[in-house]
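Each chain is listed here by its residues.
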Amino acid sequence: SIMQINNYLSIPHSYGTFDCIQLVKQFYAQECGIFFDIPPYSTSRQWMREFSTHKIDAWASKYGKKVLLTDAKNYDLIVFKSDKSDMIIHFGIYLIPNKMLHVEEGKTSRIETLSDYWMQHIYAVYRHDSLV
């Protein structure tokens, strides 16, 4: 089935309501019937301090497995980290070929090609067990 990606485009960013985490959560719930128990997090830029690579791995391991970017499929969860620490800085939904659906602060949600910047900051790609 073709997911209704267009329903998730051009929506303005809003912390806690429609940020990168909420986009992922809403997309998976509405399009895949997958409900993530993402712990409550700060509804400001501070949210990044609450997610580390260790926490994300522990959380993601309940749902699925890590995959290589070269093996990524549509709707895999792509997670980005800071280059200075193990702080997670962004979430997106992978789309073939080499694109992602995401939303950034001060912008609206869109599909964007994974630029050098994003490629350099990828921490992991996760595939949910029900999407295998």
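Located above this text is the structure these notes cover.
Residues numbered from 1 in each chain as written. Predicted model: local features only at pLDDT ≥ 70, side-chain atom pairs only at ≥ 80, totals over all residues. Heavy atoms only, no water.

*Asks:* Even after reading the chapter, I still don't get the packing of aromatic side chains, so can you show me in this structure?
*Replies:* The relation between two aromatic rings is expressed through the spacing of the ring centres and the mutual angle of the planes. Enumeration according to the criterion identifies 13 aromatic pairs in this entry. Judged by centre distance (6.1 Å) and plane angle (90°), the ring pair of Phe27 and Tyr28 falls under edge-to-face. No difference in accessibility class separates Phe27 from Tyr28, as the two residues are buried. Here Trp47 and Phe91 contribute two aromatic rings whose centre-to-centre distance is 5.9 Å and whose plane-to-plane angle is 35°, an arrangement assigned as tilted. On the criterion of sequence distance, the pair formed by Trp47 in the loop between α1 (20-32) and α2 (53-60) and Phe91 in strand β3 (residues 88-95) is long-range, its members being 44 residues apart. Here Trp47 falls in the buried class, since its relative accessible area comes to 4%. Judged by relative accessible area, Phe91 falls into the buried class, the value being 6%. Through pairs of rings, three or more aromatic residues link up here, namely Tyr8, Phe27, Tyr28, Phe36, Trp59, Tyr63 and Tyr75. (Phe/Tyr/Trp six-rings, centres within 6.5 Å; stacked < 30°, edge-to-face > 60°. Buried < 20%, exposed > 50% of the residue type's maximum accessible area, 1.4 Å probe, protein only. Helix = DSSP H or I, 4+ residues; strand = E, 2+ residues; numbered from the N terminus.)

*Asks:* In this structure, what is going on with the side chain of Ser109? I would like to understand it.
*Replies:* Structurally, Ser109 can be placed in the loop between β4 (99-102) and β5 (110-113). Here the side chain of Ser109 touches Tyr8 through a polar contact of 2.5 Å, landing on its backbone oxygen. Each residue touching Ser109, except ones within four places of it in the same chain, is listed here: Tyr8, Leu9, Ser10, Ile11, Phe18, His102 and Val103. (Polar contact = N/O pair within 3.5 Å; in protein donor to acceptor, adjacent residues only side chain to side chain. Contact = heavy atoms within 4.5 Å.)

*Asks:* I'm lost on the pairing of β3 in this one. Help?
*Replies:* Along any regular strand the residues' side chains alternate between the sheet's two faces. Most of β3 is tucked away: eight of the eight residues are buried. Relative to β3, strand β2 (residues 77-81) runs antiparallel, the two sharing five bridges. Bridged to Leu77 within β3 is Ile93. Between β2 and β3, which pair antiparallel in sequence order, lie six residues. Strand direction decides the pairing type here: β3 and β4, joined by three bridges, are antiparallel. Paired with Ile93 across the strands is Leu101, a residue of β4. With antiparallel pairing between neighbouring strands as the criterion, β3 and β4 make up a hairpin whose turn holds three residues, including Asn98 at a positive phi of roughly 60°. (Pairing = 2+ DSSP bridges.)

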